[in-house]
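# Examining the three-dimensional arrangement
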Amino acid sequence: VAGDAVSVARSVADTFVGGDDDEGSGSPLWRNRSRRRHLEVFDLSLDEVKQAAKRWGVSINDLFVAGSVIAADRYHAEREVEVSRFNLSFIVSTRNDEAAGGNAWAPLLFSVPAGQRSVEEHLLETQAAMADKRDEAEGGAADLMEVVGALAYLLPAPVITRAGRARTARQDWATSNLRAAPFPLFVAGSEITHMYPVGPLAGTAFNLTAMSYNGAFHFGLHVDPRAVEDPENLRDHLVSAYRDLLEKNDR
């Protein structure tokens, strides 16, 4: 019992401030933070994304997150800045009962190797890293999040704030994939043609959120410009990375 308690305590601590495995890693370019915000947007064809994921033999989420890793790597290479690993997160659903109300989700916090790699290497390494953390989340994320929630309720607000800052200071960016209507929506008789999401930074350098709507994949790149000094260039690298992933030929 004591061993279980220690294990849970360590897991909770890692959830708040991160484990030792990502100590010292992350982008040396993206460590500064501010309250400034900048938004960039771009689009992909949802059918092309689905087809590319099928050709690669991965999920849409694997391809989506890998594109952000490839773009981040190229952004650093262009500036001749060495980085060993990136720390990022992806939001996953932890809902077991579809009839239950409210939100049920947990962030997958993980790291991936950086450095000059092929598109395929980035994709497979990202897929493996996400799979490992997803298994952990499915194995006990609900119980852990209940414990975290209880601690958050009991601890003073300044402690929670410091813990959150310690966690996000070591996280480079956040990602999330949302689903909207697969058909056109209208407001006051006018069709909504684009639906760009704006994901919360929560202390990270940027948030990349995708939203599938009416056959399109709409991306919102929400940036802290003090961390990422050239948001437009990062957007261009993202577009290029996804183009490379989508243009894969059948094996």
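Just so you know, these numbers come straight off a predicted model, no measurement behind them.

### So, the pairing of strand 7 (residues 206-213)
Counting buried residues in strand 7 gives eight out of eight residues, a clear majority hidden from the surface. Burial of strand 7 is two-sided: the residues Phe-206, Leu-208, Ala-210 and Ser-212 facing one way and the residues Asn-207, Thr-209, Met-211 and Tyr-213 facing the other way are all buried. In the sheet, strand 4 (residues 173-179) pairs with strand 7 via seven bridges, with the strands oriented parallel. When the bridges of strand 7 are listed, Trp-173 appears paired with Phe-206. Both strand 7 and strand 8 (residues 216-223) contribute to a ladder of eight bridges, which runs antiparallel. Its bridge partner lying in strand 8, Phe-206 is registered against Val-223.

### Some remarks on a nonpolar patch on the surface
A surface patch of nonpolar side chains, amounting to about 230 Å² of accessible area, comprises Leu-39, Val-41 and Val-198. Take Leu-39: its relative accessible area is 40%, and that puts it in the partly exposed class.

### What about the environment of Val-49?
The residue Val-49 is located in helix 2 (residues 46-56) in this model. Each C-alpha atom, one on Val-49 and one on Ile-60, is 6.9 Å from the other, the two residues being eleven residues apart in sequence. Contacts of Val-49, omitting those with residues within four sequence positions, involve Leu-44, Ile-60, Leu-63, Phe-217 and Leu-246.

### Overview of the confidence of the model for the protein
Mean pLDDT over the protein: 82, with 70% of residues reaching 70 or higher. Scored below 50 in pLDDT, residues 1-13 shows seven contacts in the model against residues more than four places distant or in partner chains. Per-residue pLDDT stays below 50 along residues 15-23; that stretch engages in 22 contacts with residues further than four places along the chain or on separate chains.

### A word on the side chain of Asn-233
Relative to the elements of secondary structure, Asn-233 occurs in helix 6 (residues 231-246). Here Asn-233 is in contact with Tyr-75, Glu-78 and Arg-79, once residues within four sequence places are set aside.

### Comments concerning the pattern of salt bridges
According to the stated counting rule, one finds six salt bridges in the structure shown. One salt bridge connects Asp-230 with Arg-79, and the closest N-O pair in it is separated by 3.7 Å. Highlighted residues: Asp-230 in the loop between strand 8 and helix 6 and Arg-79 in the loop between helix 3 (60-78) and strand 2 (85-93), separated in sequence by 151 residues. On the accessibility criterion, Arg-79 (27% relative accessible area) is partly exposed. Among the salt bridges present, the one from Arg-235 reaches Asp-236, with a minimum N-O distance of 2.9 Å.

About the cut-offs
Residues numbered from 1 in each chain as written. Predicted model: local features only at pLDDT ≥ 70, side-chain atom pairs only at ≥ 80, totals over all residues. Heavy atoms only, no water. Buried < 20%, exposed > 50% of the residue type's maximum accessible area, 1.4 Å probe, protein only. Helix = DSSP H or I, 4+ residues; strand = E, 2+ residues; numbered from the N terminus. Pairing = 2+ DSSP bridges. Patch = residues over 30% accessible without salt bridge, like charges linked within 9 Å, V, L, I, M, F, W, Y side chains within 5 Å. Areas by Shrake-Rupley, 256 points an atom, 1.4 Å probe, with all protein chains shown as cover. Salt bridge = Lys/Arg side-chain N within 4 Å of Asp/Glu carboxyl O. Contact = heavy atoms within 4.5 Å. pLDDT = per-residue confidence, 0-100.

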